[in-house]
Amino acid sequence: MSAEKIIQQIEKDSEKEIKEIIKEAEKQAKDILDSAKKEAKLDAEKILTNGKNQSENIKRILISKANQDNKKETMNTREKIIDECFVKAHHELSILKGEKYEKLVKRLMQNGYKKIGSNCVVHTSKDEDKKIAKEIGIPVGGTIESAGGIILRSKDGRITLDYTFNGILKREKDKLRIKVGKLLFS
């Protein structure tokens, strides 16, 4: 073989080998690119799934907070209505007059008299109270500032029964609050 043919054969073999190397490099590049695309797709799906999960959690938290806020607002509104009922009840008691008032105060005085005994005095808030005390036979020990009702005290001062309308409402407020709530909101 001549040198020229040998050079041509070498060039031909080199070109063939270059083409095979390029073909192999292109195949490897394609494999790397495909693998990177698959990995990127998996990463994107994970990120998307995590994002959806986080948004669902945030949604649940926001809904729960909204429900709690709604319940709190409802409770506050109910409390305001119940408080208005107490204000109205106090007002109604403070304007109570005549036979209804006298009947109520007489019953309160008699209950207190039974608890303390004959050794007691009554402190009155209205003139009608003095008349009732005289009927029952309880001495009047003075007057008090109140919208209505009485205070009974033992003469030695150890026992005091507050039967003023303010005192009764204050003592019974928790029990009455529950009853009023049930009546209004059940």
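The paragraphs below set out a description of the structure included in this document. (Residues numbered from 1 in each chain as written. Predicted model: local features only at pLDDT ≥ 70, side-chain atom pairs only at ≥ 80, totals over all residues. Heavy atoms only, no water.)

Turning our attention to the overall build of the protein. If you tally the helices and strands in the protein, you get four helices and four strands. Along the protein, helices (α) and strands (β) appear in the sequence α-α-β-α-β-β-β-α when read from the amino end. Radius of gyration (C-alpha) of the protein: 47 Å, far over the 16 Å computed for a compact globule of 186 residues. The dimensions of the protein, computed from C-alpha atoms along their principal axes, are 155 × 35 × 25 Å. The proportion of buried residues among the 186 residues of the protein is 20%. Considering only residue pairs separated by 6 or more positions, the protein has 56% of its internal contacts joining residues 24 or more positions apart. In the structure as shown, the protein presents an accessible area of about 14500 Å², 56% of it carried by carbon and sulfur atoms. One finds the centroid of the 41 positive side-chain charges in the protein at a distance of 13 Å from the centroid of its 31 negative side-chain charges. (Helix = DSSP H or I, 4+ residues; strand = E, 2+ residues; numbered from the N terminus. Rg over C-alpha atoms; globule rule 2.2 N^0.38 Å. Buried < 20%, exposed > 50% of the residue type's maximum accessible area, 1.4 Å probe, protein only. Contact = heavy atoms within 4.5 Å. Areas by Shrake-Rupley, 256 points an atom, 1.4 Å probe, with all protein chains shown as cover. Lys, Arg positive; Asp, Glu negative; His and termini not counted. Charge placed at Lys NZ, Arg CZ, Asp CG, Glu CD.)

This part covers the nonpolar core. Counting 17 residues, the largest nonpolar core has V105, M109, V122, I138, I150, L152 and Y163 as the members making the most contacts within it. For this core, the secondary-structure elements that each account for two or more residues are α2 (98-116), β1 (120-124), α3 (127-136), β3 (149-154) and β4 (160-164). Residue contributions to this core peak at six residues, all from α2. (Core = buried A, V, L, I, M, F, W, Y, C linked by side-chain atoms within 4.5 Å.)

Along the chain, H123 falls in strand β1. On the basis of relative accessibility, which here comes to 12%, the residue H123 falls in the buried class. Engagement of the side chain of H123 in a polar contact is seen with the side chain of R153, the distance being 3.2 Å. (Polar contact = N/O pair within 3.5 Å; in protein donor to acceptor, adjacent residues only side chain to side chain.)

What follows concerns the side chain of R177. Turning to its location among the elements, R177 is positioned in helix α4 (residues 165-185). If we ignore the near neighbours within four places in the chain, the residues touching R177 are E79, I82, D83 and F86.

This part covers the packing of aromatic side chains. If you walk through the whole model with that rule in mind, you get one aromatic pair. With 5.9 Å between their ring centres and 85 degrees between their planes, Y101 and F165 make a pair best called edge-to-face. You can see Y101 sitting in helix α2 and its partner F165 sitting in helix α4, a full 64 residues away along the chain. Across from the ring centre of Y101, 4.5 Å away, lies the NZ or CZ of K126, which sits over that ring. (Phe/Tyr/Trp six-rings, centres within 6.5 Å; stacked < 30°, edge-to-face > 60°. Lys NZ or Arg CZ within 6 Å of the ring centre and 35° of its normal.)

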